[in-house]
Amino acid sequence: MGNTDSSGHEGFTAEERAAMKDHAQELRTAARRASRADKAAEAERDVLAKIAEMQDSDRIMAERVHAVITANAPVLAPKLWYGMPAYALDGKVVCFFQSAEKFKARYATLGFSDQAKLDEGTMWAAGFALTEVTAEVEARIAALVKQAVS
């Protein structure tokens, strides 16, 4: 009982704490916005600003992912989610882009939430590693986001 050994779970990493702070700030910012149209326009500007802050390879991929998603699934609204560009339907995140830099990973990720209709039998992918966004990758992303909102 009462074991004070600190060798176990150490809590959240610095990156996870930063993501939670980003999310809290996003919620405060969204609450201050006026109309729905104003909120949507500001949310997209926030996403584009976050993408612009990314390092070169992440920024280039995020810009292309953003363009593909907004062109192929216009019902998805861009917004920040835990400091990441995300795309929501009726306020619920369907997919998101996580830069490699954010969590010091070796690749960026295009992730899908349980809101995405990607069901394929009893098991399907909900996250995809990205090292480059080629024309072939853009086509796959386009198909995935169309399916996710169908």
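Residues numbered from 1 in each chain as written. Predicted model: local features only at pLDDT ≥ 70, side-chain atom pairs only at ≥ 80, totals over all residues. Heavy atoms only, no water.

J.: Before we go on, may I ask you to explain the overall build of the protein in this structure?
T.: From N to C terminus, the protein includes four helices and five strands. Ordered by position from N to C terminus, the α and β elements of the protein give α-α-α-β-β-β-β-β-α. Once the C-alpha set of the protein is aligned to its principal axes, its extents read approximately 55 × 40 × 35 Å. Out of the 150 residues belonging to the protein, those deemed buried represent 33%. Within the protein, contacts between residues at least 6 apart in sequence are counted, and of these 47% link residues at least 24 apart. On the protein, roughly 9,400 Å² of surface is accessible, and the fraction owed to carbon and sulfur atoms is 53%. Side-chain charges in the protein split into 19 positive and 22 negative, and the spacing between the mean points of these groups amounts to 5 Å. (Helix = DSSP H or I, 4+ residues; strand = E, 2+ residues; numbered from the N terminus. Buried < 20%, exposed > 50% of the residue type's maximum accessible area, 1.4 Å probe, protein only. Contact = heavy atoms within 4.5 Å. Areas by Shrake-Rupley, 256 points an atom, 1.4 Å probe, with all protein chains shown as cover. Lys, Arg positive; Asp, Glu negative; His and termini not counted. Charge placed at Lys NZ, Arg CZ, Asp CG, Glu CD.)

J.: Whenever I open this one, the environment of Thr13 confuses me. Can you help?
T.: Mapped onto the fold, Thr13 is located in the segment before α1 (14-32). Look at Thr13 and you get partly exposed, because its relative accessible area is 36%. For the pair Thr13 and Thr109, spaced 96 residues apart in sequence, the C-alpha to C-alpha distance is 19 Å.

J.: Sorry, what's going on with the sheet that holds strand β4 (residues 108-112) here?
T.: Sheets are built from strands that pair by backbone hydrogen bonding, the pairs being arranged parallel or antiparallel. Taken in spatial order, the five strands line up as β1-β2-β3-β4-β5 in an open sheet, and their pairing is antiparallel. The open sheet has two edge strands with one neighbour each: β1 (77-81) and β5 (127-130). Ignoring strand direction, the axes of neighbouring strands in this sheet form an average angle of 25 degrees. Packed onto the sheet, helix α4 (residues 135-148) meets β3 (92-98), β4 and β5 and runs at close to 25 degrees relative to β4. (Pairing = 2+ DSSP bridges. Axes fitted to C-alpha atoms, helices over the stretch in contact; angles between N-to-C directions.)

J.: Would you take a moment to explain the environment of Ser150 for this structure?
T.: Positionally, Ser150 belongs in the segment after α4. Ser150 sits 34 residues away from Ala116 along the chain, and the two C-alpha atoms are 8.8 Å apart. Polar side-chain contacts of Ser150 include one of 2.8 Å to the backbone oxygen of Gln147. (Polar contact = N/O pair within 3.5 Å; in protein donor to acceptor, adjacent residues only side chain to side chain.)

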